[in-house]
Amino acid sequence: SRNAGYLFLQKAYYDLGIDLFLSKWKFTSKASFKYSLNDVFRFLVYARVEDPGSKLALSRKNADYLEEFDFSVDDIYDCLDRIDQFSEAMTRKLSGKCSSLIKSEGDSIYYDCTNFYFEIQNADDEDGLRDYGVEKNHRPDPIVEYGILMDEGGFPIGSTIFRGGE
């Protein structure tokens, strides 16, 4: 018994052109790796939507799908490390593609910001994200700030993470 529930996700994945984006990014960045970035990324999308879990737990679900994905858990971790290199460009690409597929009314843009706090005593060094900053509940803990831009229909246009206090 293999999982076929991901097939509707597969259609959306290819309709959004994620495979073409990844192929173009790999070519322009001259990135080199032995696994298929598209296969690992597709698998992560399908598995996280259907049954979120840890990366290790997801890697064990590889045989549950109709198609065989050929990668290791190390390839998953490597892919996740690379996502940061193209996430901003992918967000812009997907936002444009979604806008063309789903017509939103109006041209308003909304921005929201939230904080994530950590129950630790010390902030990160200057390279880390956790730092002391203003927090609505006045907790004395380090925070990380997250901001998101949305169109009038509630679709994300872009997002970013800031060091606490910035």
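Going along each chain's sequence as written, the residues are numbered from 1 onward. In keeping with the model being predicted, local features are shown solely for residues with a pLDDT of at least 70 and side-chain atom pairs are shown and tallied solely at 80 or more, while totals for entire chains, interfaces and linings include all residues. Each side-chain value is derived from all of the structure's non-hydrogen atoms; neither hydrogens nor water enter the calculation.

Quick word on the environment of Met 150
Helix numbering and strand numbering both begin at the N terminus, where a helix is a DSSP run of H or I of at least 4 residues and a strand a DSSP run of E of at least 2. Mapped onto the elements of the fold, Met 150 is located in strand E2 (residues 143-151). The class of Met 150 is partly exposed, set by a relative accessible area of 23%. Along the backbone, Met 150 and Gly 165 are 15 residues apart, and their C-alpha atoms lie at a distance of 23 Å. Residues count as neighbours in contact if any of their non-hydrogen atoms are within 4.5 Å of one another. For Met 150, the residues in contact, after removing those within four places along its chain, are Ser 108, Ile 109, Tyr 110, Asp 112, Phe 155, Pro 156 and Ile 157. Classification of residues uses two cut-offs on accessible area relative to the type maximum, computed with a 1.4 Å probe and protein chains only: under 20% is buried, over 50% is exposed, and between them is partly exposed.

Examining the nonpolar core
We call a set of buried Ala, Val, Leu, Ile, Met, Phe, Trp, Tyr and Cys residues a nonpolar core when their side-chain atoms join them within 4.5 Å. Residues Leu 22, Leu 37, Phe 41, Phe 43 and Phe 86 are the most contacted members of the largest nonpolar core, which totals 26 residues. Contributing elements (two or more residues each) for this core: helix H1 (7-15), helix H2 (18-29), helix H3 (37-50) and helix H5 (73-101). Setting aside residues no more than four positions away along its own chain, Phe 41 makes contact with Tyr 13, Ile 18, Leu 22, Cys 79, Ile 83, Phe 86 and Met 90.

Some words on the sheet that holds strand E3 (residues 156-163)
For two strands to count as paired, DSSP must find a minimum of two bridges between them. Taken in spatial order, the three strands of this open sheet run E1-E2-E3, and their pairing is antiparallel. With one partner strand each, in any of the chains shown, strand E1 (109-117) and E3 form the two edges of the open sheet. The sheet shows a mean angle of 15 degrees between the axes of neighbouring strands, direction not considered. Across nine bridges, E1 lies against E2 in antiparallel orientation. Within E2, the position partnered with Cys 113 by the bridge is Gly 147. Only the stretch in contact is used when a helix axis is fitted, and all axes are lines through C-alpha atoms; the angle between N-to-C directions ranges over 0 to 180 degrees.

Observations regarding the pattern of salt bridges
Salt-bridge detection follows one rule: a side-chain nitrogen of Lys or Arg within 4 Å of a carboxyl oxygen of Asp or Glu. By the definition in use, this model includes seven salt bridges. The salt bridge involving Arg 42 is made with Asp 39; its shortest N-O contact spans 3.1 Å. Residue Arg 42 and its partner Asp 39 are both found in helix H3; the two are separated by three residues, about one turn of the helix. By relative accessible area, which is 3% here, Arg 42 ends up buried. Between Arg 82 and Asp 78 there is a salt bridge; the shortest N-O distance is 2.7 Å. Remark: Asp 78 and Arg 82 occur in helix H5; sequence separation between them is four residues, near one turn of the helix. Classification of Arg 82 as buried rests on a relative accessible area of 15%. Residue classification places Asp 78 among the partly exposed residues on the basis of a relative accessible area of 25%. One network of salt bridges, in which partners are shared, links Asp 39, Arg 42 and Glu 67.

A word on the confidence of the model for the protein
The predictor attaches a confidence to each residue, and that confidence, scored 0 to 100, is pLDDT. Here the protein averages 83 in pLDDT, while 96% of its residues score no lower than 70. Averaged over each element, pLDDT in the protein is lowest for helix H4 (residues 55-59) (78) and highest for H2 (91).

Some thoughts on the packing of H2 against H3
Two elements in contact, H2 and H3, have axes whose closest approach is 10 Å; the angle formed by their N-to-C orientations is 140 degrees. Here H3 runs oblique to H2, going by the angle between their axes. Regarding H2 and H3, the two cross each other, and that crossing is right-handed. Taken together, the residues of H3 that come into contact with H2 (itself represented by Ile 18, Asp 19, Leu 22 and Trp 25) are Leu 37, Asn 38 and Phe 41. Comment on the angle field: the value is read as roughly parallel under 35 degrees, roughly antiparallel over 145, roughly perpendicular from 65 to 115, and oblique elsewhere. Each helix crossing is assigned a hand: it is left-handed if the near helix lies turned anticlockwise from the far helix by less than a right angle, otherwise right-handed if that turn is clockwise.

A look at H3
Between the first and last C-alpha of H3 there are 20 Å, a value that for 14 residues agrees with the 20 Å anticipated at 1.5 Å per step. When we look at burial in H3, the residues that qualify are Leu 37, Asn 38, Val 40, Phe 41, Arg 42, Phe 43, Leu 44, Tyr 46 and Ala 47. Tucked into the core, H3 has its buried residues touching H1, H2, H4 and H5. Expected helix span is given by 1.5 Å per residue-to-residue step, counting one fewer step than there are residues.

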